[in-house]
Amino acid sequence: MYLVGAGPGDPKLITVRGLEAIERADAVVYDRLANPRLLAHVKPGAEKIFVGKLPDKHMMKQDDINRLLVDLALQGKTVTRLKGGDPSVFGRVGEEAELLAEHGIEFEIVPGVTSAIAVPMYAGIPVTHRDFTSSFSVVTGHEYPNKTYSKVNWENLAGASGTIVFLMGVANLGTICGELMRYGRSPDTPAAIIRMGTWMEQRTVVGTLATLPERVRAAGLQSPAIIIVGDVVRLREKLVWFEKRPLFGCRVLVTRAREQASELVRLIEERGGEAYEFPVIRLRAPEREETARALDEALRRVEEYDWILFTSANAVEYTFRRMIELRVDVRSLHRAKIAAVGPKTGDALLARGLSADLVPDSRFEAEALLQLLETFVKPGDRILMPKGDLARSLLPEGLRRLGALVTEAVAYENVLSLEGGEEALALLRAEAIQAVTFTSSSTVTNLLEALRRLGEPDPVSLLNRTAMYCIGPVTAQTAAEAGLRVRATAAEATIASLVDAIIADKPSPA
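### Quick look at helix H19 (residues 495-505)
Here is step 1: Inspection of H19 places Ile495, Ser497, Leu498, Val499, Ala501, Ile502 and Ile503 among the buried residues, and these make up the whole buried set.
Here is step 2: Positive backbone phi, approximately 50°, marks lysine 506, located one or two places after H19.

This is the structure in structure tokens:
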């Protein structure tokens, strides 16, 4: 049994040990403050059990959660209990661990990054600073009448010189500020409240003990939030960083295949956005025997070709993967010239020790590659074009008009995927996604089909409620023909340019 702190919200703030516990689990029991994106690391077939609590109701009472953990462990399962923040800071981990110990169940407690420190820092407020204070206190802001431990000593707390952080105190904000002032804290003491800290929905309201309650009411802030009191709040104006990133507050739906999505996800997150992955495409090697045989035959006589054309990095990956399986020596490519549709495809070739002879230097699409090849290809040239099953016919048809002998061979297939679709659909319906990215025509058609299969009666209208961005004009045309209103198209057909297009357009924050 692992009792794991999930951190304050940003999934990248999970500890290495915590992530290992998620990956090993047969069952993950999680609450509402543990980012659901962490569940993407759960192994196939593992149970995911939500036991979250809302301010006004409990999905499951604590006693029932304790019993659930025991029952799962006694079934012989590896269980990870995933709790927001650090499980020992008002996380009731002691109660859960006590019951496990009483039943002879081995457990490990994995600390997490506590929201008491991380959330203020994401708002530009360090809890200590040598010019202001060298101490801080963490206090529960949510007092229950039946508590068995002593209530807050307001007199001592108000008289302390350090920073005070209150967790779970939104509903009691007026009382908290009032008690601190009643016991001697100046009404002018800086104070702030931070809602959904480290998430895309983070909002911060700054004031003083005297003014903060009314400012929070006017802003309509609700839980979950933390309150921070002390002179360190003055540093926010100078140190705020998270909220200044160009994509802060922007949750971006990434639809491309998971194997391809890493660069897009990285760039979105580096610029302060949240990349929500719904890979509507899954790539695989050809499954039909005759399709696979055609590729094998072409590769076994690859030394006969004058040209080999690659129109995607995926084509490079799957072609060379199959060459290894067939034990086709890479030296068989020695007489062929190699052309790549763009720099990313060229990089994929370079990673395998091959430098492309031709790469368009501006537009990275089939039209530009065909225009470049027209200068070099001669009638009778034998050309091999490994490709995806959905590749356009423009390039091979254009080359045949030049008199070339073109062999098309499907190296990989695009398959519709619904993985993660229920959550993505819920976010779209809640208008909690601010941008949708399309990196190919198939991501457009597959997303629409996936939403239909998941029960959305009008996916076009649903998607038109958010901002959509395309990597190139062909993809944008496919989207337009489907009835989608595209906000912007990347200036160049690259992932970096696509992210720049989102930043330039600045979709509304969460």
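### Notes on the pattern of salt bridges
Here is step 1: All told, the structure shown has 41 salt bridges when counted by the stated rule.
Here is step 2: Residue arginine 251 is joined to glutamate 274 by a salt bridge in which the shortest nitrogen-to-oxygen separation is 2.7 Å. Separated by 23 residues along the polypeptide, arginine 251 in strand S13 (residues 251-254) and glutamate 274 in strand S14 (residues 274-277) bring together distant segments of the chain. Across this residue pair, the class does not change: arginine 251 and glutamate 274 are buried.
Here is step 3: Several salt bridges converge on common partners, so that one network encompasses Lys12, Arg37, Glu201, Arg251, Glu269 and Glu274.

### Things to note about the packing of aromatic side chains
Here is step 1: Scanning the entire structure with this criterion turns up eight aromatic pairs.
Here is step 2: Judged by centre distance (4.8 Å) and plane angle (65°), the ring pair of tyrosine 122 and tryptophan 241 falls under edge-to-face. Taken together, the residues tyrosine 122 in helix H4 (residues 115-122) and tryptophan 241 in the loop between helix H8 (236-239) and S13 connect sequence positions 119 residues apart.
Here is step 3: Residue classification places tryptophan 241 among the partly exposed positions, given a relative accessible area of 33%.
Here is step 4: Aromatic pair phenylalanine 242 and phenylalanine 248: ring centres 5.1 Å apart, planes at 75°, arrangement edge-to-face.
Here is step 5: Residue classification places phenylalanine 242 among the buried residues on the basis of a relative accessible area of 4%.
Here is step 6: Members of the aromatic cluster, connected to one another through ring pairs, are Tyr122, Trp241, Phe242 and Phe248.
Here is step 7: Sitting over the face of the ring of tyrosine 318, arginine 321 holds its NZ or CZ atom 4.4 Å from the ring centroid.

### Observations regarding the nonpolar core
Here is step 1: Ranked by internal contacts, the top residues of the largest apolar core, which has 54 residues, are Leu253, Leu349, Val436, Leu447, Leu463 and Leu484.
Here is step 2: Here the element with the most residues in this core is helix H11 (residues 313-326); it accounts for six residues.
Here is step 3: Excluding residues within four positions of it along the chain, leucine 447 makes contact with Leu253, Thr255, Phe278, Val280, Val436, Phe438 and Leu463.
Here is step 4: Counting residues in each nonpolar core, the second largest holds 22 residues, with Ala467, Tyr469, Leu498 and Ile503 among its members.

### Examining the pairing of strand S9 (residues 163-167)
Here is step 1: Most of S9 is tucked away: five of the five residues are buried.
Here is step 2: Where burial is concerned, the two faces of S9 agree: the one with Thr163, Val165 and Leu167 and the one with Ile164 and Phe166 are both buried.
Here is step 3: By the bridge criterion, five bridges tie strand S8 (residues 136-140) to S9 in an arrangement that is parallel. Bridging from a neighbouring strand, serine 137 pairs with isoleucine 164 of S9.

### Some thoughts on the sheet that holds strand S15 (residues 281-284)
Here is step 1: A sheet is described by the order of its strands in space; here five strands give the open sequence S15-S19-S18-S16-S17, paired in mixed fashion. The outermost strands of the open sheet, each flanked by one partner alone, are S15 and strand S17 (337-340). Pairs of neighbouring strands in the sheet enclose a mean axial angle of 25°, with direction left out of account.

### Considerations on the pairing of strand S16 (residues 307-310)
Here is step 1: Residues of S16 alternate between two faces, with Trp307 and Leu309 on one and Ile308 and Phe310 on the opposite face, all of them buried.
Here is step 2: Sheet topology places S16 next to S17; four bridges connect them, and they run parallel. Note that in S17 the partner of isoleucine 308 across the bridge is isoleucine 338.
Here is step 3: Between the parallel pair S16 and S17, the chain is carried across by H11, and the sense of this crossover is right-handed.

### Structural notes on the sheet that holds strand S21 (residues 467-470)
Each strand in a sheet pairs with its neighbour through backbone hydrogen bonds, running either in the same direction (parallel) or in the opposite one (antiparallel).
Here is step 1: The five strands are arranged S14-S13-S20-S21-S22 in an open sheet whose pairing can be described as parallel. The outermost strands of the open sheet, each flanked by one partner alone, are S14 and strand S22 (488-489).
Here is step 2: Packing against the sheet, helix H18 (residues 473-481) makes contact with strand S20 (435-438), S21 and S22, and its axis sits at approximately 140° to S21.

### Observations concerning the packing of H11 against helix H12 (residues 343-350)
Here is step 1: Two numbers describe how H11 lies on H12: the axes approach to 8 Å, and their chain directions differ by 25°. The angle between H11 and H12 places the two elements in the roughly parallel class. Once H11 is placed against H12, the crossing between them reads as right-handed. Together, Ala313, Val316 and Phe320 of H11 and Lys344, Thr345, Ala348 and Leu349 of H12 make up the contact between the two elements.
Here is step 2: By residue class, the composition of the contact of H11 with H12 is five nonpolar, one polar and one charged.

### Details of empty space enclosed by the protein
Here is step 1: Taken as a whole and assessed by the stated rule, the structure comprises two cavities of 30 Å³ or more.
Here is step 2: Of the voids in this model, the largest cavity is the one considered here, and its volume is about 40 Å³.
Here is step 3: Every residue lining the largest cavity is listed: Leu299, Val302, Ile308, Phe310, Thr319, Phe320, Met323, Leu333, Leu384 and Pro386.
Here is step 4: For the lining of the largest cavity, the secondary structure elements donating two or more residues are S16, H11 and strand S18 (382-388).
Here is step 5: The element that contributes the greatest number of residues to the lining of the largest cavity is H11, accounting for three residues.
Here is step 6: Among the residues forming the lining of the largest cavity, the class breakdown is nine nonpolar, one polar and no charged.
Here is step 7: Taken as a whole, the second largest cavity encloses approximately 30 Å³ of empty space.
Here is step 8: Surrounding the second largest cavity, Leu428, Glu431, Ile433, Leu462, Arg465 and Thr466 form its lining.

Each value, and the rule that gives it
Residues numbered from 1 in each chain as written. Predicted model: local features only at pLDDT ≥ 70, side-chain atom pairs only at ≥ 80, totals over all residues. Heavy atoms only, no water. Buried < 20%, exposed > 50% of the residue type's maximum accessible area, 1.4 Å probe, protein only. Helix = DSSP H or I, 4+ residues; strand = E, 2+ residues; numbered from the N terminus. Salt bridge = Lys/Arg side-chain N within 4 Å of Asp/Glu carboxyl O. Phe/Tyr/Trp six-rings, centres within 6.5 Å; stacked < 30°, edge-to-face > 60°. Lys NZ or Arg CZ within 6 Å of the ring centre and 35° of its normal. Core = buried A, V, L, I, M, F, W, Y, C linked by side-chain atoms within 4.5 Å. Contact = heavy atoms within 4.5 Å. Pairing = 2+ DSSP bridges. Axes fitted to C-alpha atoms, helices over the stretch in contact; angles between N-to-C directions. Right-handed = clockwise from strand over helix to strand, strands pointing away. Parallel < 35°, antiparallel > 145°, perpendicular 65-115°, else oblique. Left-handed = near helix turned anticlockwise from the far one by under 90°. Nonpolar A, V, L, I, M, F, W, Y, C, P; charged D, E, K, R; others polar. 1 Å grid on protein atoms, 1.4 Å probe; cavity = no way out; pocket = protein on both sides within 12 Å on 5 of 7 lines; lining within 4 Å. Points joined across faces, edges and corners; volume = space filled by probe spheres on them.

That is the geometry; function is a separate question.
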